[in-house]
Structure formats: C-alpha cells, structure tokens
Amino acid sequence: MASHLKGVAKATMTDQIRKELCEYKRDHTKCTQKELQLWIQEKFQIQVSQGTISNTLKRSDEYLSTNLESRKDIKRHKPAKYPEMEKVLFEWFLQYQDRVNMTGELILEKAKVTMKLVYPEQDFEHQFAQGWLEKFKLRHGIKSFRRFGESGSVDVEDMEKKLEAIRGKIDKFSKKDVFNMDETGLFYRLQADHSLATKQLEGKKQDKERLTVVICCNEDGSEKIPLWIIGKYAKPRCFKNVNMNSLNCHYRANKRAWMTSVIFEEYIRWFDQIMHGRRVLFVVDNCPAHPRNIEGLHNVELFFLPPNMTSKIQPCDAGIIRAFKMHYRRRFYREVLEGYELGQSDPAKINFLYAINFAVSAWTTNVHGETIANCFRHCKIRSRDAVSRNSEEESVCEDGMQELEVVINNLGYRNKMDVNSLLDYPGENDACSEVQSLEEIVASVINVDEEAEDDNVEPLEPVTRKEAIIASRTLHNFWMQIEKTTPGVFDAIRKIRDELQRDSNFKKRQTTLDSYFTKLS
C-alpha cells in the first residue's frame, strides 16, 4: 500500500463521489491522478486505486452530464438486460410525456409491446414488474411522471401578450447569456436546376440526400456553439482514417437523419456542461422532439417558445439559418466548379465528409456575429430592441447573395433556380419528426446502418507527412506567381508549414551525415 494511503479504509466510490471527482478535475486540469487520490482521501476518507481514478475520468462526460439525484448512492451498475428495447422505450417516453397521463402501468404495458417489436425472433412473454420499472427510471434519470396539462407555458390569448411574457423572461438575462437553438434539414448535394426537380434530364434527377444541422448561438453573436450534425449512417465509409476530433463538430446518426428526443436531451446536457459556472437561458421551439422535462441541469434554464409563433420570433428562423445555408451553397457550388475544372464526371456528388467540412466552415468562418445580433433584434423578443438593422452587415449579406448568384451562373444550368428559391427549397427545413408511433421509433432508433451502402465513396486516402510537405511547398510556389496575392494567404501557408515542422515524428527522427551519401557496392 502506498504510504500516503496507510490507515485509510478501502472503499468503492459512489456515483456522487465520481461526479465530484470529475468536477474537481475539470476545475483543476493540472491535477495529477496521485493528487486526486489524496484529494479523495482527505474529503471522503476512502482509499481508491489510481486505476479507479483513471477509469472514472474516462467516463467524465457521462458523469458530468447526468442527473444523479436519484442514483447518487449507487456504487455498482447492473447493465440493462435488453438495452435496445430500453433505448426505444425511453425515446417514446420523452416524446409522449407531455401528451399523455404518464403512469407506471402505461410504461410497463409499452415495454411489453416494445419487446415484441425490437426482438421479434424471441418467442417468449417477458414479464415486466415494478422492480424493473424502478430500475428503468433509475437508469434514465426519471424521478416522477408529469401529468398531462402540467406544462409551464404561459396561458395567454394573443400574440402580443405572449410577446410581453417572452420579453419579460429574456430581459432578466444579459445578451451574452441568451441562446437560441434550432435544427434545419440540409440537402447537401442540391443543385440549383429546376429541370432536375420537374423531370428526369439525361437520366439524372435532383439529389435530395439529407442531413440535419443543429445551430446554436447567443444573442449578441459573440458565441457560435459547435455544430451538431445528424446523418443516416453511424460510420460512413468516408469517415475511415479521419480524426473525428479535427472536424470541429459533433456527429450523431439515426435512420431518418432527424433530431430525436434522446439526441436533444444529450445535446442539452452537453450544453449545460460547457456552460459551467454560468446561468444562461436556452430558447427553443416546441417541436415534439424537444422534451420539456429534463432534470438535473445546473447552468441552463430551458425556455420553450409558444406554438405557431416560432417562424416570427425565433432568431434562427429569422435569418441565421438562411445565412448559414447561403454560405454552405456557395462553398458547395465552388467545389462543383472546381471539379469540372479537374475533369471530374459528377463533381456534385460529394461525400458526407465534404458536406460536414463545408457546413462547419460556413458556420465558423462566414456567419458573422453581427448577422446573428441583427436577427435577434429583428425578432423583437427583448423590450429594448429596435427594429433597425446594421446597414454594413446588410451589405455583407447582399454581397454574399450576389456571389452565390455568380457561382450558380457560372455552372450553366439549363433552368437555374433563383437564389431565394434555392435557400427556401420545399421540404428541406424539416428536421424534427412529428410525434412518432412506437413502430416508427423502432425504425429510427434501432437498425441504424453502420455504413452507407448506396454511396460508392472510397475512404479518405491516408496522406503521409512527406506528401503534405510537398503539397504545402507547391501551394506556396503557386501563390508566389499570382500578382494580387494578399499577405494573409502567405501567413496561412506559413502556419500550415509550421505545424508540419512541429510534427512529433519528425522530431524523433534523427538524420546522420552518412545518410546523405550512397554506399558504393
């Protein structure tokens, strides 16, 4: 036994202690595991191994984002016997908890039906008792059942009164602490050609392969939260050899590429964690996939907009999503033009990885903070908001629309769409399902395809460090020949070359003088 742990009782950490350990490590990032052992010893008077510390920290996201109020004294976890069934049942619970009188008897009945749908090949009648129900509630953080009609929404008669209530709430928070989140569908290969939408042209038709993009930002435009992107496939082939952490977004999947109640709850708990130490208002619409009852949030207060008003008063719907799509389309059509220049036969058929990169670049680089702030002001959800917009930012948006128009013209479509029709393409914005039947939930939550079988996409080809160095030198030499090159371009290339030279493998590799000479045979 280590000397610093002598005389301390050996024990198993409860979930509450594990969560406090993760919080302490989050707030003291330089603390070593040995120091964490001492901290636990001093605070809780128990002895734990360094391996236990390590294993707990590996699950840090889970402990930090979970409400432990009902399971804080649990030390060991028995896994669910039928995890896929519980996943479906919990999605059903989240979608219906505000719409029916949720009771334990109803959940037990739905569990029996769900078992038959998820495991049709198993010919037996599983008995679900009260003991299983309590464990199910514990595993999913369900403290109690909300009765139908207990919603905390404001009961007012007209839109103006609703707006007054909304303003009263938002006025209590500073602009940097008011966030709006919304989802949008994205046909990421959509071409600006009416012909493809109305009839088959030379064997082609409009490609409506879709994904869902989750956009979130604060009122003054100072914080753009990293995108969450939802696709149909858990592990698309184009993700092979890709460091997912380098994408600067979070990826989830289900069969319809839609937002679901489970993903929404996961998103909210993740957002609550990154808002550590703050108190923020999270404004969101009342889509069926947005459950109201999410317990255990410490930094976030959920605020649901009244139904049938979101198109008028939700900032993301007032221009933020439109600006994002404008910049995504511009990047996509530039890629198509470049593909034709390189002699590609069908450059518009980009893979999912390209779409993610375009989406992330459009959001992080092109959607400006002032655009976001203008959209919030335009919705007039704060008492002091003026309707006026920033003329300089409006000019930037107009320039972006004109640039998109130019790129579309250069593609030479036979029957090109105008930009507004392209940005408001019918059916594209659908990102949240309506309330689903149990059968539909099974289809969307279970049976998520691992790979895209309908997509002849090769995995990302590995690039060696040597090939990257040659490419960076070629890029540098190209821009040296261009007359109107700006200093910023060379700064960016130098940064790339600096990163390559800092490669750890390069530092470890030692070259001797003899290696530059060829031995004579």
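Residues numbered from 1 in each chain as written. Predicted model: local features only at pLDDT ≥ 70, side-chain atom pairs only at ≥ 80, totals over all residues. Heavy atoms only, no water.

- Looking at an unreviewed UniProt entry, the protein chain carries the name CENP-B homolog protein 2-like, with the source organism given as Camelina sativa.

**Considerations on the overall build of the protein chain**
(1) Moving on: From N to C terminus, the protein chain includes 20 helices and six strands.
(2) Moving on: Counting all 521 residues of the protein chain, 45% fall into the buried class.
(3) Moving on: Of the contacts formed within the protein chain by residues at least 6 apart in sequence, a portion of 74% connects residues at least 24 apart.
(4) Moving on: Of the roughly 28400 Å² of accessible surface on the protein chain, 49% is carried by carbon and sulfur atoms. (Helix = DSSP H or I, 4+ residues; strand = E, 2+ residues; numbered from the N terminus. Buried < 20%, exposed > 50% of the residue type's maximum accessible area, 1.4 Å probe, protein only. Contact = heavy atoms within 4.5 Å. Areas by Shrake-Rupley, 256 points an atom, 1.4 Å probe, with all protein chains shown as cover.)

**What to know about helix α6 (residues 104-118)**
(1) Moving on: Between its first and last C-alpha atoms α6 spans 21 Å; for 15 residues at 1.5 Å apiece the expected length is 21 Å, and the two agree.
(2) Moving on: Elements that come into contact with the buried residues of α6 comprise α5 (83-96), α7 (130-139) and α17 (438-445). (Expected span 1.5 Å × (residues − 1).)

**What about the nonpolar core?**
(1) Moving on: Residues L227, Y328 and Y333 are the most contacted members of the largest nonpolar core, which totals 64 residues.
(2) Moving on: Among the elements that take part in this core, helix α13 (residues 352-366) stands out by supplying nine residues, more than any other. (Core = buried A, V, L, I, M, F, W, Y, C linked by side-chain atoms within 4.5 Å.)

**Notes on unusual backbone geometry**
(1) Moving on: Even without a glycine there, the phi angle at N248 is positive, about 60 degrees.
(2) Moving on: Counting through the fold element by element, N248 comes out in the loop between β3 (228-231) and β4 (250-253).
(3) Moving on: Positive phi, normally seen in glycine, also occurs at A257, with a value near 55 degrees.
(4) Moving on: Along the chain, A257 turns up in the loop between β4 and α10 (261-274).

**Regarding the packing of α5 against α17**
A pair of packed helices is characterised by two quantities: the angle between their axes and the separation of those axes.
(1) Moving on: Put simply, α5 and α17 touch, their axes get as near as 9 Å, and they point 125 degrees apart. As the angle between them shows, α5 and α17 are arranged oblique. For the pair α5 and α17, the sense of crossing is right-handed. Within the contact between the two elements, α5 uses K87, V88, E91, W92 and Q95 and α17 uses L438, I441, V442 and V445.
(2) Moving on: A breakdown of the residues in the contact of α5 with α17 according to their chemical character gives six nonpolar, one polar and two charged. (Axes fitted to C-alpha atoms, helices over the stretch in contact; angles between N-to-C directions. Parallel < 35°, antiparallel > 145°, perpendicular 65-115°, else oblique. Left-handed = near helix turned anticlockwise from the far one by under 90°. Nonpolar A, V, L, I, M, F, W, Y, C, P; charged D, E, K, R; others polar.)

**Quick word on the environment of E86**
(1) Moving on: Assignment of secondary structure puts E86 in helix α5.
(2) Moving on: Measuring from C-alpha to C-alpha, the distance between E86 and A111 comes to 7.9 Å, with 25 residues separating the pair along the chain.
(3) Moving on: Those residues within four positions of E86 in sequence are excluded, and the remaining contacts are A80, W132, F136, R139 and H140.

**Observations concerning helix α2 (residues 33-44)**
(1) Moving on: In this model α2 runs 16 Å from its N-terminal to its C-terminal C-alpha over twelve residues, within 8% of the 16 Å that 1.5 Å per residue would give.
(2) Moving on: Looking only at α2, the buried set comprises L36, Q37, W39, I40 and Q41.
(3) Moving on: Close packing links the buried residues of α2 with α1 (15-27) and α3 (50-58).

**Things to note about the pairing of β3**
(1) Moving on: Of the two faces of β3, the one lined by W228 and I230 and the one lined by I229 and G231 are each fully buried.
(2) Moving on: Here three bridges tie strand β2 (residues 210-218) to β3, and the two strands are oriented antiparallel to one another. Directly across from T212, in β3, lies its bridge partner I230. (Pairing = 2+ DSSP bridges.)

**So, the confidence of the model for the protein chain**
(1) Moving on: A residue-level look at the protein chain finds 79% of positions with pLDDT of 70 or above and a mean pLDDT of 81.
(2) Moving on: Residue range residues 1-5 is modelled with pLDDT below 50. Its contacts to residues more than four positions away, or to other chains, number eleven contacts.
(3) Moving on: Contacts for the low-pLDDT stretch residues 196-203, under 50 throughout, to residues beyond four places or in other chains number 13 contacts. (pLDDT = per-residue confidence, 0-100.)

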